[in-house]
Amino acid sequence: MKKIEAIIRKTKFEDVKEALLDADIEWFSYYDVRGIGKSRQERIYRGVVYDTSSIERTLVSIVVRDKNVEKTIEAVSKAAHTGELGDGRIFVIPVNDVVRIRTGERGDIALYNAEKEE
């Protein structure tokens, strides 16, 4: 199992969400986050200096079985791509175990319902 974390543009979130659902990735979490990138600049508006080096992004967090890792990465990459600086990053992190609280099931089966098993 792997945890995939993708930091994407806020404007691309709906595209990424649809791409994940189309790839049969039905469960994920997302968060609004702020970060610092390479681009640092100040803007002046009505005599007040604003620092725009803090960038608003969305962090999408997904835990998938090993067999779904590549299709998840591909879905996020294609949907979030603009070709411009600041498209984001995808991180793949190993997951040792998962426990479904309701039933106590552990491992891959705890991620999805048994009747959907392929």
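Remember, predicted model here, so these are calculated numbers, not experimental data. What you see as residue numbers is a count from 1 along each chain, following the sequence as written. Owing to the predicted nature of the model, reporting of local features is limited to residues with pLDDT of at least 70; listing and counting of side-chain atom pairs is limited to 80 or more, with chain, interface and lining totals taken over all residues. Calculated side-chain values reflect all of the structure's heavy atoms, with hydrogen atoms and water omitted.

Trainee: I'd love a proper account of helix α1 (residues 13-22), names of residues and values included.
Mentor: A turn of α-helix holds 3.6 residues, and therefore any two residues three or four places apart point the same way. Only protein chains enter the area calculation, which uses a 1.4 Å probe; residues under 20% of their type maximum are buried, those over 50% are exposed, and those in between are partly exposed. In this description a helix means any DSSP run of H or I spanning at least four residues, a strand means any run of E spanning at least two, and both kinds are numbered starting from the N terminus. All of the buried residues along α1 are F13, V16, A19 and L20. Looking down the long axis of α1, one finds its buried residues gathered within 125° of arc, a one-sided arrangement. In this fold, the buried residues of α1 make contact with β1 (2-9), β2 (29-36), β5 (54-64) and α2 (69-80). Regarding the arc, it is the one traced by the directions from the helix axis to the C-beta atoms. Every residue pair with non-hydrogen atoms within 4.5 Å of one another is taken to be in contact.

Trainee: Summarise the pattern of salt bridges; cite the residues concerned and give the values.
Mentor: Here, a salt bridge means any side-chain nitrogen of Lys or Arg that lies within 4 Å of a carboxyl oxygen of Asp or Glu. Applying the stated criterion across every chain, the model contains 10 salt bridges. Note that D66 and K2 form a salt bridge whose closest N and O atoms lie 3.6 Å from each other. Residue D66 is located in the loop between β5 and α2, and its partner K2 is located in strand β1; the two are separated by 64 residues in the primary sequence. We classify K2 as partly exposed; its relative accessible area is 27%. One salt bridge connects K12 with D15, and the closest N-O pair in it is separated by 3.2 Å. You can call K12 buried: its relative accessible area is 15%. Residue classification places D15 among the partly exposed positions, given a relative accessible area of 38%. Each member of the salt-bridge network shares a partner with another, and the members are K10, R34 and E56.

Trainee: Help me get a handle on unusual backbone geometry, residues and values and all.
Mentor: Of note, D24 is a non-glycine position whose phi angle comes to about 65°, a positive value. Within the secondary structure, D24 sits in the loop between α1 and β2. A relative accessible area of 51% places D24 in the exposed class.

Trainee: Provide a residue-level description of the nonpolar core, including the pertinent values.
Mentor: Counting residues in hydrophobic clusters, the biggest one holds 26 residues, and the most contacted among them are I8, V16, L20, V60, I62, V64 and V98. The set of elements that each furnish at least two residues to this core consists of β1, α1, β5 and α2. The greatest single-element share of this core, amounting to 6 residues, is contributed by α2. What is meant by a nonpolar core is a set of buried Ala, Val, Leu, Ile, Met, Phe, Trp, Tyr and Cys residues, joined one to another through side-chain atoms within 4.5 Å.

Purely geometric stuff here, so don't read any function into it on its own.
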